[in-house]
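Structure assessment
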Amino acid sequence: MRIPQSLLEQSIQLNIQHALQEDIGEGDITALLTSETEQATATIISRENMVLAGQPWVNALIQAYDPDVKVTWLKQEGDCVEADDVFLKLAGSARSLLTVERSALNFIQTLSAVATKTALYVKELDGLNTKLLDTRKTLPGLRIAQKYAVAIGGGQNHRLGLFDAFLIKENHIMAAGSIAQAVAQAHQIAPNKPVEVEVETWDELNQALEAKAAIVMLDNFSQQQMIDAVKYVAGRCKLEASGNITLANLREVATTGVDYISMGVLTKDVQAIDLSMRFN
């Protein structure tokens, strides 16, 4: 699933507005220690290896705060940046550089962390057909940003939210009465939206197949159960593995032949990249 450009642009604007408001508030009083007319140049480096992500947010942030600041990227989005590499140069008002520093670095360190982690996990799938998906387990307010970063890292986006695809789980099934009824209602509500059903047993898998679900999520199936499910389904729907999957067993799960593996860890459990900005 691809993030619509209009939604991406809207999210960027909301993110940078919130970032500037929460950090600057009524004004950056510390930046006033610097002369209003002083000009400066600065370099931003990474203290560790990373996959760069977040350029659109940084560009929009600086454009919104001070369009006179010159932004020069030495690396492109998705590039590998090695530890101690300079990947961004800024030039302009010293006050402006000091004021936007933290917000700009926050976006880069967070989104690059997601892209870097995703790239590490995607590498485990080299040579296999299984695709790595993200989930809705994202930081509040940064859903689109983090899913964008997953794509930069080589992963794929699952549904963006509750609006663009059905994911029928246990509680939905109970409320609807059965898997068949839930899928039928979904097709009536939004005929053009993909319908996925989460199953925990072989019987539920059969019910989802009979209901003609487009995707079936195998929740916490064992390795052998997934192998058997792939053979049994034989392409009648797409299969997604989820639950108790880590970097250590990711490739093993993929060798079962499932079409997708979804992992919340790509977005909910990331450690920010260590970055530094220095005036020259």
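Up top is the structure these notes are about.
Before going into details, it helps to say that this report is about the structure given with it. (Residues numbered from 1 in each chain as written. Predicted model: local features only at pLDDT ≥ 70, side-chain atom pairs only at ≥ 80, totals over all residues. Heavy atoms only, no water.)

1. Describing the overall build of the protein
Looking only at helices and strands, one finds 10 helices and 12 strands in the protein. Projected onto the principal axes, the alpha-carbon positions of the protein cover approximately 70 × 40 × 25 Å. When burial is assessed residue by residue, the protein has 48% of its 280 residues classed as buried. Expressed as a percentage of contacts within the protein between residues at least 6 apart in sequence, the contacts between residues at least 24 apart total 70%. A total accessible area of about 14,200 Å² is found for the protein, and carbon and sulfur atoms account for 48% of it. (Helix = DSSP H or I, 4+ residues; strand = E, 2+ residues; numbered from the N terminus. Buried < 20%, exposed > 50% of the residue type's maximum accessible area, 1.4 Å probe, protein only. Contact = heavy atoms within 4.5 Å. Areas by Shrake-Rupley, 256 points an atom, 1.4 Å probe, with all protein chains shown as cover.)

2. Observations concerning the pairing of strand 8 (residues 195-199)
With respect to burial, strand 8 is a largely interior element, 5 of its 5 residues being buried. Residues Val195, Val197 and Val199 of strand 8 are buried on one face, and the alternating residues Glu196 and Glu198, pointing to the opposite face, are buried as well. Bridge count for strand 7 (residues 166-168) against strand 8 is 3 bridges, and the pairing is parallel. Looking at strand 8, one finds that Leu167 is bridged to Glu196. Across 4 bridges, the pairing between strand 8 and strand 9 (residues 215-219) is parallel. Across the sheet, Glu198 pairs through a bridge with Met217, a residue of strand 9. Note on the crossover from strand 8 through helix 7 (residues 202-210) to strand 9: the handedness is right-handed. (Pairing = 2+ DSSP bridges. Right-handed = clockwise from strand over helix to strand, strands pointing away.)

3. Section: the sheet that holds strand 5 (residues 86-93)
Here 4 strands make up an open sheet; going across it, the order is 3-5-1-12 and the pairing antiparallel. In this open sheet, the two strands that pair with only one neighbour each are strand 3 (70-73) and strand 12 (275-279). Averaged over neighbouring strand pairs, the angle between their axes works out to 15° when direction is ignored. Where strand 1 (residues 39-46) meets strand 12, 5 bridges bridge the pair, whose relative direction is antiparallel. Residue pairing in the sheet places Thr43 in a bridge with Arg278 of strand 12. Together, strand 3 and strand 5 form the strand contacts of helix 2 (residues 55-65), whose direction differs from that of strand 3 by roughly 165°. (Axes fitted to C-alpha atoms, helices over the stretch in contact; angles between N-to-C directions.)

4. What to know about the packing of helix 7 against helix 8 (residues 223-233)
Packing of helix 7 against helix 8 brings their axes to within 12 Å, and their N-to-C directions diverge by 25°. In this view, helix 7 runs roughly parallel relative to helix 8, as classed from their interaxial angle. The element helix 7 and its partner helix 8 pack so that their crossing is right-handed. Residue-level inspection shows Trp202, Leu205, Asn206 and Leu209 of helix 7 in contact with helix 8, the latter providing Gln225, Asp228, Ala229, Tyr232 and Val233. (Parallel < 35°, antiparallel > 145°, perpendicular 65-115°, else oblique. Left-handed = near helix turned anticlockwise from the far one by under 90°.)

5. Section: a positive patch on the surface
Taken together, the side chains of Arg136, Lys137, Lys169 and Lys268 present a region of like positive charge at the surface. Position of Lys169 among the secondary structure elements: in the loop between strand 7 and helix 5 (170-176). For Lys169, a relative accessible area of 33% translates into the label partly exposed. (Patch = residues over 30% accessible without salt bridge, like charges linked within 9 Å, V, L, I, M, F, W, Y side chains within 5 Å. Salt bridge = Lys/Arg side-chain N within 4 Å of Asp/Glu carboxyl O. Lys, Arg positive; Asp, Glu negative; His and termini not counted. Charge placed at Lys NZ, Arg CZ, Asp CG, Glu CD.)

6. Digging into the sheet that holds strand 10 (residues 238-242)
The strand order across the open sheet built from 6 strands is 6-11-10-9-8-7, with neighbouring strands paired in parallel fashion. Every interior strand has two partners, whereas the edge strands, strand 6 (131-133) and strand 7, have only one. Strand-to-strand twist of the sheet, defined as the mean angle between neighbouring strand axes without regard to direction, takes the value 25°. Bridge analysis of strand 9 against strand 10 gives 5 bridges, and the strand direction is parallel. Within strand 10, the residue paired with Asp219 across the bridge is Ser242. Contacting strand 9 and strand 10, helix 8 runs over the sheet at an angle of about 170° to strand 10.

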